[in-house]
Amino acid sequence: QVQLVESGGGLVQTGGSLRLSCAGSGRTFSNYHMGWFRQAPGKERQFVAAISWGGGSTYYADSVKGRFTISRDNGKNTVWLQMNSLKPEDTAVYYCAAASRSSVPLQETDRYSYWGQGTQVVVSS
């Protein structure tokens, strides 16, 4: 079992930045690929970014490429999502999730076994 807790959400103006954190506990954090997803009201949960278990590979949705950066520190059991140049369409609840090392592709929600409770991000225009 892996427990994930997100933090860092909030209200920000268009063009601003936020840094989301996801703290993991339970099983060995480095055994898992990590992903960030988001869900806006009335929409399906969508992939945002993912990072491999060792941090050597990262993946991004086209809509956030060049603006968001995912990173992790296995020694701190933490993964981050740095979000820059935020837009109103980035408004959503953001979730972090953990997938076992054998799970691919990481853009698919059903590859992830563990999910956090989510943190709200609101970007005002």
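Residues numbered from 1 in each chain as written. Predicted model: local features only at pLDDT ≥ 70, side-chain atom pairs only at ≥ 80, totals over all residues. Heavy atoms only, no water.

> Can you walk me through the state of the cysteines in this structure?
In protein structure, a disulfide is the covalent linkage between the sulfur atoms of two cysteines. As enumerated under the stated definition, the model contains one disulfide in all. Across a sulfur-sulfur distance of 1.9 Å, Cys22 and Cys96 are joined as a disulfide pair. Here Cys22 and Cys96 share a disulfide; its torsion about the S-S bond, 45°, makes the bridge right-handed. With Cys22 in strand S3 (residues 18-26) and Cys96 in strand S9 (residues 92-100), the pair connects residues that are 74 residues apart, well separated along the chain. In this pair, the class of Cys22 matches that of Cys96, namely buried. (Disulfide = S-S within 2.5 Å. Helix = DSSP H or I, 4+ residues; strand = E, 2+ residues; numbered from the N terminus. Buried < 20%, exposed > 50% of the residue type's maximum accessible area, 1.4 Å probe, protein only.)

> Just checking my understanding: could you explain the sheet that holds S3 for this structure?
One key point about sheets: their strands pair by backbone hydrogen bonds, in either a parallel or an antiparallel sense. A sheet is described by the order of its strands in space; here four strands give the open sequence S1-S3-S8-S7, paired in antiparallel fashion. Two strands in the sheet have a free side with no partner beyond their single neighbour: strand S1 (2-7) and strand S7 (68-73). Within the sheet, the average angular offset between the axes of one strand and its neighbour, ignoring direction, is 15°. Sheet topology places S7 next to strand S8 (residues 78-83); six bridges connect them, and they run antiparallel. Directly across from Ile70, in S8, lies its bridge partner Leu81. (Pairing = 2+ DSSP bridges. Axes fitted to C-alpha atoms, helices over the stretch in contact; angles between N-to-C directions.)

> What exactly am I supposed to notice about the packing of aromatic side chains here?
For any two aromatic rings, the description comes down to two numbers: the centre-to-centre distance and the angle of the planes. A full pass over the atoms with the stated rule returns five aromatic pairs. Where Phe37 meets Tyr112, the ring centres are 5.0 Å apart and the plane angle is 80°; that geometry is what we call edge-to-face. Remark: Tyr112 occurs in the loop between S9 and strand S10 (114-115) and Phe37 occurs in strand S4 (residues 32-39); sequence separation between them is 75 residues. For Phe37, a relative accessible area of 0% corresponds to the buried category. The class of Tyr112 is buried, set by a relative accessible area of 6%. Among the aromatic residues, those joined into a cluster by ring pairs are Phe37, Phe47, Tyr112 and Trp115. We note Arg45 situated over the ring of Tyr95; from NZ or CZ to the ring centre the distance is 3.8 Å. A cation over a ring is seen here: Arg101 above Trp53, with NZ or CZ 3.6 Å from the ring centre. (Phe/Tyr/Trp six-rings, centres within 6.5 Å; stacked < 30°, edge-to-face > 60°. Lys NZ or Arg CZ within 6 Å of the ring centre and 35° of its normal.)

> Help me understand the nonpolar core, please; the structure alone is not making it clear to me.
Formed by 35 residues in total, the largest nonpolar core has its most connected members in Met34, Trp36, Leu81, Met83 and Tyr94. Listed by contribution, the elements that provide at least two residues to this core are S1, S3, S4, strand S5 (46-51), S7, S8, S9 and strand S11 (119-124). The element contributing the most residues to this core is S9, with six residues. In contact with Leu81, other than residues within four places in its own chain, are Leu18, Arg19, Leu20, Trp36, Val48, Ala49, Phe68, Thr69, Ile70 and Tyr94. (Core = buried A, V, L, I, M, F, W, Y, C linked by side-chain atoms within 4.5 Å. Contact = heavy atoms within 4.5 Å.)

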